[in-house]
Structures are given as structure tokens and as C-alpha cells.
Amino acid sequence: MTSRLAAALATCALSLGALATGAGVATAAPSAPAAGAAGDAPSLRPAIDARAAAVDRCSYQVVRSHDSRYVYSVSGVFGGGARELTPQTEDYVRVSDDWRKVVQVDACAGERGQAPTALRVTGKLDHPENYDPSVPRTIHSNDLKPAASSVIPKAPGLTSVDRLDAATVRVTWKPAQGNPDQVVLMERKPFYSSEIGVWHPYTFQRNVQAGATSMDRKLERHPDIPPADRTHSYWMRVVNGGFVSDLRAEKPVSVEP
């Protein structure tokens, strides 16, 4: 992706905000919610606000704040040392009206399954030569003691994606377990960027009303959409207590317009 396209997508995401409809609220993830400007008053809080939980025996989820100036890594503390953990998957998620980055890492790769006693998030300034010396070159989270896997919510599975007419589908899913803070229908479809005049795939998070188990969605059928970008995909996600359902378990169902 060119820098021009990336900048345009960030602008589009920020301008979309919340798209209110009778079926729910659609929100598009910004690419760079800043964690704080250089020159802020000193704070005892860590520069990276994060929490962690075990997803299973080897996988851990870290939900953190994001400053796009930095490149991030997650390390596990094992005994007296620490080592960087292998990323499995990541995405932006809206948690309590705030965009967060959700990262899942593998703590077992290269080891014998020893569980970390803590996780640490580190951000290193990308292209530091482009920034004033007052901008921190490295930022950190506190050491994070992972919560139990029981805090990771379960996303309901899709049951069907049915075509209602040439331009509309009805997405249906099983009822969500428990009483999660938010159930989200994830929708990936072509999106038109007026700034650069192109259609490209884009993922939206559409909040589901409490108790709902279906939502009707319009298909993008514009003739200028490139054939490779016409596919629409849908899957479910759940947010509860600041944590997100296992991103690896998401299985999109795709339809052609």
C-alpha cells in the first residue's frame, strides 16, 4: 500500500465516525489514535496503557493503546529473563468508545510450554530521525499479569448469509453467550475513497443491538469496483470487560454481489 493510499484511508476512517442506522452503529477503525503529544507534563502512568489475558495454554491477548509513531512488540517474562513473543494476529477494536489495538501472541514457540509470569509491551519510535529529540525513542507498558482465560468472551457463530434481493443480504448468527458489553458484526466490503478515487476492501465494525441475532446489509455493486475487490465477508466479534473474543477463531463467510 502506498503512503498516499494509507494516508487517505486514515482520513476516511476518522471522518466516518459512527454511521447510525436502524440496524446498529457502524464504526471504522482509525489508523493512528495518538497516545499523547511530546512535551506533555511528566506522568507516573506508563506511556502504553495495556491489559493482558490468556486465551489458551499458549496464546495470550494484549489490548493496548496505540500511537502510530511507534512499532510495538510484546515480551514474556520467564523466570529471570524475558523474550519477545511471536505475534499470531492483531486488529483494531472499539472498546468502551475508545479504539484499542488487540494483539494475540504465542508464548510457546521455541519453548516447552512454560507460561510467562508477566507480559511487557514496548514501542520503539519508527524513523526517529524524523522526530524532535524530545519525542521518546522507546515507550513501555507496566508488567502485565495475564488474567485467566475465562475473561476472554466467546463470539457467536454465523448461521447463514441469505440473499434477500439482488443488493441485500441478511446475516444471521447464534445468540451471544452471557451478557457481553458489545456484540459486533464485522463486515469487509469495497469502500470508495473519494480523496484518491479508488475502490478498495475495508473492514467495518457494526454494533449489534442487544438481543439481536440478524442484520440486513447492502451489497456494494458499483461497476467500477475491481473484480478482485468485490467480495463481501461477514463474521462476529464480542467485547467484554475490556477483552475481545479470540481473533484466531473468526471464520468469515463470503458472498459475491
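Our structure's up above, just so we're on the same page.
Residues numbered from 1 in each chain as written. Predicted model: local features only at pLDDT ≥ 70, side-chain atom pairs only at ≥ 80, totals over all residues. Heavy atoms only, no water.

A.B. asks: Summarise the overall build of the protein; cite the residues concerned and give the values.
C.D. replies: Looking only at helices and strands, the protein has one helix and 18 strands in total. Within the protein, the proportion of its 257 residues that are buried is 44%. Counting contacts in the protein only where the partners sit at least 6 residues apart, residues at least 24 apart contribute 65% of the total. Carbon and sulfur atoms form 50% of the exposed surface of the protein, whose accessible area is close to 13,400 Å². (Helix = DSSP H or I, 4+ residues; strand = E, 2+ residues; numbered from the N terminus. Buried < 20%, exposed > 50% of the residue type's maximum accessible area, 1.4 Å probe, protein only. Contact = heavy atoms within 4.5 Å. Areas by Shrake-Rupley, 256 points an atom, 1.4 Å probe, with all protein chains shown as cover.)

A.B. asks: How would you explain the pairing of strand S7 (residues 86–95) if you had to name every residue and give the values?
C.D. replies: Side chains on a regular strand alternate between the two faces of the sheet. Pairing of S7 with strand S8 (residues 98–106) involves nine bridges; the strand directions are antiparallel. Counted as the bridge partner of Thr-89 is Gln-104 from S8. (Pairing = 2+ DSSP bridges.)

A.B. asks: So what about the pattern of salt bridges? Which residues, and what values?
C.D. replies: Inspection of the entire model under this criterion finds 13 salt bridges. Ionic pairing is found between Glu-90 and Lys-101, a salt bridge with its closest N-O pair at 3.6 Å. In this pair, Glu-90 is assigned in strand S7 and Lys-101 in strand S8, connecting sequence segments eleven residues apart. For the salt bridge of Lys-189 with Glu-220, the shortest nitrogen-to-oxygen distance reads 3.5 Å. Taken together, the residues Lys-189 in strand S13 (residues 182–193) and Glu-220 in the loop between strand S15 (214–218) and strand S16 (232–240) connect sequence positions 31 residues apart. Of the residues examined, Lys-189 reaches a relative accessible area of 9% and is grouped as buried. Among the residues examined, Glu-220 registers a relative accessible area of 24% and is labelled partly exposed. Residues participating in the shared-partner salt-bridge network are Asp-49, Asp-98 and Arg-100. (Salt bridge = Lys/Arg side-chain N within 4 Å of Asp/Glu carboxyl O.)

A.B. asks: Explain unusual backbone geometry residue by residue, including any values.
C.D. replies: One non-glycine residue with positive phi stands out, namely Ser-96, at about 50°. By relative accessible area, which is 70% here, Ser-96 ends up exposed. At His-127, a position not held by glycine, the phi torsion is positive, near 50°.

A.B. asks: Any chance you could break down the packing of aromatic side chains for me, citing the residues and the numbers?
C.D. replies: For the structure shown, the criterion picks out four aromatic pairs. Geometrically, the ring pair formed by Phe-191 and Phe-204 is edge-to-face, given 5.8 Å between the ring centres and 65° between the ring planes. Pair noted here: Phe-191 is in strand S13 and Phe-204 is in strand S14 (residues 198–208), with a separation of 13 residues, a long-range link. Of the two residues, Phe-191 and Phe-204, both sit in the buried class. A centroid spacing of 5.2 Å and a plane angle of 55° characterise the contact between Tyr-202 and Phe-204, whose relative ring orientation is tilted. Taken together, the aromatic side chains of Phe-191, Tyr-202 and Phe-204 make up a single cluster linked through ring pairs. Here Arg-83 stacks its cationic end above the ring of Phe-78, 4.4 Å away from the centre of that ring. (Phe/Tyr/Trp six-rings, centres within 6.5 Å; stacked < 30°, edge-to-face > 60°. Lys NZ or Arg CZ within 6 Å of the ring centre and 35° of its normal.)

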